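Architecture and fold: a report
Single-letter residue listing:
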Amino acid sequence: EGSDGEGSEGESEADGTGPHDAVLHQAVCNALVNVKDTELPMTMENFYAQLVIPHRPPGSTIQLKSTKWKKFGAYLAEQAQRGLITVKPNGTNKTGFVTGVDRTQEDLGGIKKDAVEVSQNTKLTITNLYIVPHHFVELLRLDTNAIKATNAKSEERRGTGMLTGNEVRAILDQYITDNDLGQSGGLVKLDPALWDALYKKDDKGGPTTVPRKDLASKWGAKMESAYALVELPSNRVLTLKRGPPPKVSIEVVKRQGKKHTTRIRGLEEYGIDPVAFTKDVSKRFACSGAVEAEPEGRAALKKGHVESVFQGHLLEEVQALLLGDEDLTSHGGAKDSEYCLPKSVIDVTLRKGVQAKKTNKR
């Protein structure tokens with residue numbers, strides 16, 4: 001299910017009534033209904049991997065080569081001509097970015113916006129992924145299919161260029177083998193191209209031979225970051241994005257006397273409606289809650305984001321609720337949580353004068 005750019009001759013009528021055409025178009029329409037305006041522009045590859053594949057009709061598979069367009073870029077170009085979307089070039093790819101969607105189009109009528117559905121008794125985890133820098137590909141003449149993750153086990157990652165640690169290491173190992181750089185004692189000889197890629201920008205220069213383990217660490221440090229949000233135990237990929245995983249921040253500040261305020265931001269990054277969450281927390285823990293779009297005297301929020309604000313020191317309670325782990329607090333309000341964020345995305349800050357609560361956890 002690659003998302004290459006230009007297309008070729010087709011196999012059906014111009015209106016695209018073939019079954020494979022219909023599956024692709026339905027998946028894209030579902031994706032367009034659910035994409036946020038703040039998420040655009042988005043690269044064609046990310047739009048395909050992060051939104052189109054997860055929104056394909058249940059039980060279906062997108063087979064681009066069996067559609068009349070053959071490639072995703074050709075499909076996007078046609079939809080841009082129809083006015084369903086707007087696009088702009090990314091280098092030589094004329095449809096490299098999806099920049100907008102006309103939500104009044106008839107094709108999108110009747111499609112309900114959904115949230116990321118997570119089954120009960122599941123957990124979410126973050127998998128760190130890596131992207132090989134573009135200049136590495138040209139400098140080292142690396143295999144394009146390997147770089148694009150064309151043969152990735154996960155259908156959602158195919159063609160995205162988002163690689164696991166093992167896949168990134170395999171690319172380096174293959175380069176060492178192809179160029180006969182391996183030496184005795186676990187050392188690797190650096191040829192000019194590999195030296196340029198890894199050490200050229202270092203002020204102190206670099207070695208000519210390196211232990212394979214150290215070379216792998218240096219190689220990994222040069223990769224660009226990405227991540228996948230994965231549902232366990234099914235291993236279903238819910239989200240693929242470039243950059244480090246966004247944080248959900250929980251901050252507790254001290255007010256007058258022994259009073260505290262707990263603030264939470266970043267819930268939108270994981271499909272949680274802050275307004276509904278604020279009401280849920282207020283009900284579960286019998287506290288006063290509000291939503292602020294423009295908090296005064298604090299860091300500005302991302303466009304379209306808000307901050308949930310609660311009266312009281314609720315660190316343990318909201319952590320237990322967000323992680324879906326009622327054992328983190330003695331408060332019964334954390335039971336039967338519908339949330340299950342990965343622990344690694346929670347960022348806790350206790351401001352001056354705020355102490356951790358001394359409670360009997362379960």
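These notes cover the structure that comes with them. What you are looking at is a predicted structure, and each value in this text was computed from that prediction instead of being measured.

1. Some details on the overall build of the protein chain
Scanning the protein chain from N- to C-terminus turns up 10 helices and 14 strands. In terms of its C-alpha atoms, the protein chain occupies a principal-axis envelope of roughly 65 × 60 × 40 Å. For the protein chain, the residues scored as buried account for 44% of the 362 residues in total. The long-range share in the protein chain, meaning contacts at least 24 apart out of those at least 6 apart in sequence, stands at 64%. For the protein chain, the exposed area adds up to about 19700 Å²; of that, 48% sits on carbon and sulfur atoms. The positive charge centre, built from 51 side chains, and the negative charge centre, built from 49, are 8 Å apart in the protein chain.

2. As for the sheet that holds strand β7 (residues 209-211)
Spatially, three strands are ordered β5-β6-β7 in an open sheet, and the strand pairing comes out antiparallel. Each end of this open sheet is capped by a strand with a single partner; those strands are β5 (182-183) and β7. Summarising the sheet, strand β6 (residues 187-189) and β7 pair through three bridges and their orientation is antiparallel. Paired with K189 across the bridge in β7 is T209. Sheet contacts for helix α8 (residues 212-221): β5, β6 and β7; angle to β7, the most-contacted strand, approximately 95°.

3. Things to note about the nonpolar core
The tendency in soluble globular proteins is for nonpolar side chains to be buried side by side. Counting residues in each nonpolar core, the largest one holds 31 residues, and the members touching the most others are V248, I264, F277, V281, L322, L341 and I346. For this core, the elements supplying multiple residues, two or more each, are β4 (123-131), β8 (224-232), β10 (248-254), α9 (274-285) and α10 (315-323). Here the element with the most residues in this core is α10; it accounts for six residues. If sequence neighbours within four positions are ignored, V248 has contacts with I264, R265, G266, L267, Y270, L322, L341, V345, I346 and D347. One finds V23, M44, V52 and V101 within the second-largest nonpolar core, a separate group that totals 28 residues.

4. Details of the sheet that holds strand β9 (residues 236-242)
With antiparallel pairing, the three strands of this open sheet are ordered in space as β4-β8-β9. Either end of the sheet is taken by a strand with one partner, and the two such strands are β4 and β9. Between one strand and the next, the sheet's axes are offset by a mean angle of 20°, whatever the strand orientation. One ladder, built from nine bridges, connects β4 with β8; its direction is antiparallel. Paired with K123 across the bridge in β8 is L232.

5. Examining helix α2 (residues 44-52)
Burial of α2 is extensive: eight of the nine residues sit out of reach of the surface. Of the positions making up α2, those classed as buried are M44, N46, F47, Y48, A49, Q50, L51 and V52. Those residues of α2 hidden inside the fold are in contact with α1 (19-34), β1 (42-43), α3 (72-82), β3 (93-101) and β9.

6. Observations regarding unusual backbone geometry
Omega for the bond connecting L40 with P41 falls within 30 degrees of zero, at 0°, which places this linkage in the cis form. Tracing the backbone shows P41 in the loop between α1 and β1. One non-glycine residue with positive phi stands out, namely K70, at about 70°. By secondary structure assignment, the location of K70 is in the loop between α2 and α3. Of note in the backbone geometry, A149 takes a positive phi value of approximately 60° without being a glycine.

7. A short note on the pattern of salt bridges
With the rule as written, the count across this model stands at 18 salt bridges. Here E224 makes a salt bridge to R242, at a shortest N to O gap of 3.5 Å. In this pair, E224 is assigned in strand β8 and R242 in strand β9, connecting sequence segments 18 residues apart. Look at E224 and you get partly exposed, because its relative accessible area is 35%. Accessibility expressed as a relative area gives 45% for R242, which makes it partly exposed. The network of salt bridges with common partners includes E251, R263, R265, E292, R298, E307 and R351.

8. Some details on the pairing of β10
Extensive coverage of β10 is indicated by the burial of five of its seven residues. Where β10 and strand β11 (residues 260-265) come together, six bridges link them in antiparallel fashion. Note that in β11 the partner of E251 across the bridge is R263. Between β10 and β11, which pair antiparallel in sequence order, lie five residues; one of them, G257, sits at a positive phi of approximately 60°.

9. So, the packing of aromatic side chains
Applying the stated rule across the entire model yields seven aromatic pairs. Both rings, one in F136 and one in W219, keep their centres 5.5 Å apart while their planes meet at 45°; by these two values the pair is tilted. Separated by 83 residues along the polypeptide, F136 in helix α4 (residues 134-140) and W219 in helix α8 bring together distant segments of the chain. Both rings, one in F277 and one in F310, keep their centres 6.4 Å apart while their planes meet at 75°; by these two values the pair is edge-to-face. Of the two residues, F277 is situated in helix α9 and F310 in strand β13 (residues 307-311); the sequence distance between them amounts to 33 residues. For the residue pair F277 and F310, the accessibility class agrees, reading buried in each case.

Rules and cut-offs
- Residues numbered from 1 in each chain as written.
- Predicted model: local features only at pLDDT ≥ 70, side-chain atom pairs only at ≥ 80, totals over all residues.
- Heavy atoms only, no water.
- Helix = DSSP H or I, 4+ residues; strand = E, 2+ residues; numbered from the N terminus.
- Buried < 20%, exposed > 50% of the residue type's maximum accessible area, 1.4 Å probe, protein only.
- Contact = heavy atoms within 4.5 Å.
- Areas by Shrake-Rupley, 256 points an atom, 1.4 Å probe, with all protein chains shown as cover.
- Lys, Arg positive; Asp, Glu negative; His and termini not counted.
- Charge placed at Lys NZ, Arg CZ, Asp CG, Glu CD.
- Pairing = 2+ DSSP bridges.
- Axes fitted to C-alpha atoms, helices over the stretch in contact; angles between N-to-C directions.
- Core = buried A, V, L, I, M, F, W, Y, C linked by side-chain atoms within 4.5 Å.
- Salt bridge = Lys/Arg side-chain N within 4 Å of Asp/Glu carboxyl O.
- Phe/Tyr/Trp six-rings, centres within 6.5 Å; stacked < 30°, edge-to-face > 60°.

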